[in-house]
Amino acid sequence: AKRREEREALGEARREAGNRFVEYCGIETRLFNEFLSVSYGLASEARDATESGRAGSKQRAEAYFSRLKLVERSAEIFREKRGETEVGRFYRIKVLARVPKTEYERVQQWKEEQLQQRIQIAEDILEKLLDSARRLAQGGDLLASLEKLRQTRKTAKEEQTPRWKVYLARADEQQSVLLSGLNLVAVSKTEQQIEPGDSPEPLMVRVELRGEKGGKIPVQNFPVLFYNPRSSRFSTRSGADGNAIFRLSANNEEGILEVHARTEVEKLEKQMPEETLAALKNRTLLFRIENR
């Protein structure tokens, strides 16, 4: 741009040359500033011409770019006149700067080191998420385990490490194994005969997971729905023992009451894939109470 002071125009040209070097290195200005701080301890501020139009950002690089050797320079002078009298001047300067090849190589080496560090950190996080999901499932907290697996997939897609697809596959496989071992079993009697005025025994189902060694793990805080297709619905969640309970009140009318129990899939739409929800919705337990 045109500047009133020649020194100001030269400084801007020098900084612009520095920014072009940053672009040539293939690195964001923010990361280049970090490179300077780590490698040189430079802390002066220099205006980043490549981003100033968008965000007015600055990078701490004045001290670094001031060392660039200028090998060519050209200047344009614009005279401001009133009539025949010159009342001021503007300067626009362009420069060609020389940067040692070793500086470019140093930036590239730092980039590679940073990349490897980022990959290692990202993969450590992914490993911890998968391990946490496994431990939560073994403790019976299926919903929290599924949330950790969701975070694993999200993080893997965001980080795009060289093995990110491997972590996606591992999360999917771990979730598939979990859900294939999920089951609802009847704990109370599935058929009862009572007299009018008596209360039936509570209806109870247990939510279970198949453990890594084949054992059964009770699932806590899992949504279960008890319902009669013709009338009422009762929503509840399993306790720490994996049991979900529905207590019916006494009824004086004779007849047969059928109550179904299933996973309340409507509350799990964000945690499970559609095909799993469809399968769970069709997997019901039937309780039959005869009142006579």
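Here the structure is a predicted model, which means the values were calculated and not measured. (Residues numbered from 1 in each chain as written. Predicted model: local features only at pLDDT ≥ 70, side-chain atom pairs only at ≥ 80, totals over all residues. Heavy atoms only, no water.)

Concerning the environment of A279
Along the chain, A279 falls in helix α8 (residues 274-282). The sequence separation of A279 and Q116 amounts to 163 residues, and the corresponding C-alpha distance is 43 Å. (Helix = DSSP H or I, 4+ residues; strand = E, 2+ residues; numbered from the N terminus.)

Brief notes about helix α6 (residues 142-159)
For α6, built from 18 residues, the straight-helix expectation of 26 Å at 1.5 Å per residue is met to within 8% by its first-to-last C-alpha distance of 26 Å. The complete set of buried residues in α6 reads L142, L143, S145, L146, L149, T152, R153, T155 and A156. Close packing links the buried residues of α6 with α5 (101-138), α7 (164-180), β5 (182-186), β7 (203-210), β9 (223-227) and β10 (233-237). Two residues or fewer after α6 comes Q160, characterised by a positive phi angle close to 50°. (Expected span 1.5 Å × (residues − 1). Buried < 20%, exposed > 50% of the residue type's maximum accessible area, 1.4 Å probe, protein only. Contact = heavy atoms within 4.5 Å.)

Comments concerning the side chain of S188
Secondary-structure assignment places S188 in the loop between β5 and β6 (191-194). Polar contacts involving the side chain of S188 include one to the main-chain amide nitrogen of M204, which spans 2.9 Å. S188 has contacts with P202, L203, M204 and F287, leaving out every residue within four places of it along the chain. (Polar contact = N/O pair within 3.5 Å; in protein donor to acceptor, adjacent residues only side chain to side chain.)

Some words on the sheet that holds β6
Strand order in the open sheet formed by five strands is β6-β13-β12-β9-β10, and the pairing between neighbours is mixed. Two strands close off the open sheet at either side, each with one partner strand: β6 and β10. Going from strand to strand, the sheet's axes swing by 20° on average, the running direction of each strand aside. Sheet analysis places β6 next to strand β13 (residues 285-291), joined by four bridges and oriented parallel. Each residue of the ladder has a partner; that of Q193, found in β13, is E290. (Pairing = 2+ DSSP bridges. Axes fitted to C-alpha atoms, helices over the stretch in contact; angles between N-to-C directions.)

A look at the confidence of the model for the chain
When pLDDT is averaged along the chain, the result is 87; 91% of the residues meet or exceed 70. Contacts for the low-pLDDT stretch residues 43-60, under 50 throughout, to residues beyond four places or in other chains number 46 contacts. (pLDDT = per-residue confidence, 0-100.)

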